[in-house]
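An overview of the molecular structure
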Amino acid sequence: MKLLTISALLMILSYVCPTTQAFSPAPVRQQNLMTSSGHVDMKLDKRSSSTHLEAGLFGNLFGKKEEPVDPSAPSRIMDIKCDSIKSGGLRFALGLFLIGQQGTPVKGSWKANQADDGVLDMYYVDNSAMFSLHLTDNLIFVDRYGQPSLQYLLQESLVLHQLLDEINTLAFEGEDIENINRLVVLSDPDTWLDDARSKLPARSE
């Protein structure tokens, strides 16, 4: 009787979950989260695989269809509209700034990297998440990838507040500099900073 019960259960599971291929982990951004030693950390993928398996198995058993969370899909943190951007110069300036933030709040907290597509990536030491800074002809925006820890969210907020200060300096410092010569000209110079700060969970002092 025990063997029959197990066989019946296996038949039910094979009907409900005919293949495990549907629960394969989704990749994170092209650049996987890196450890300080340069090795790829696959914790996000393993966690994603387990989540997909549990959601699919129990969702099918109880008639619920759960939409799996894709950790490779970015979450938009903020965007800043611009009238003009000198992308090469601005990317260089903000890249240097992010390199200087690698030791915030302590040495080794962040790792800055410029991807092949020109996107500026910042990886946090706990490997839970990362953020990417993108520049287009008329937009600066920041996306987050991964499943951020509370510590990550706190430190990300501090870095991004300082990034906004840097952008503000580049946009307005030097009254004798004409807009045509600036690295960035903002579309809403009077409100952009407050609007961008309102998207962050903590405010700089």
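What this report covers is the structure whose coordinates are included nearby. (Residues numbered from 1 in each chain as written. Predicted model: local features only at pLDDT ≥ 70, side-chain atom pairs only at ≥ 80, totals over all residues. Heavy atoms only, no water.)

**Considerations on the pattern of salt bridges**
Under the definition given, this model contains four salt bridges. The residue Arg-144 makes a salt bridge to Glu-156 at a minimum N-O spacing of 2.6 Å. Here Glu-156 lies in helix α4 (residues 150-172) and Arg-144 lies in strand β5 (residues 139-146), a separation of twelve residues in the sequence. Arg-197 serves as the salt-bridge partner of Asp-165, at 2.4 Å between the closest nitrogen and oxygen. On the criterion of sequence distance, the pair formed by Asp-165 in helix α4 and Arg-197 in helix α5 (residues 192-197) is long-range, its members being 32 residues apart. For Arg-197, a relative accessible area of 10% translates into the label buried. It is possible to trace a salt-bridge network through shared partners that takes in Arg-76, Asp-79 and Asp-143. (Salt bridge = Lys/Arg side-chain N within 4 Å of Asp/Glu carboxyl O. Helix = DSSP H or I, 4+ residues; strand = E, 2+ residues; numbered from the N terminus. Buried < 20%, exposed > 50% of the residue type's maximum accessible area, 1.4 Å probe, protein only.)

**Thoughts on helix α3 (residues 87-100)**
Taking 1.5 Å of rise per residue, the 14 residues of α3 would be expected to cover 20 Å, and the 20 Å separating its terminal C-alpha atoms lies within 8% of that figure. Taken together, the buried positions of α3 are Leu-90, Arg-91, Ala-93, Leu-94, Gly-95, Phe-97 and Leu-98. (Expected span 1.5 Å × (residues − 1).)

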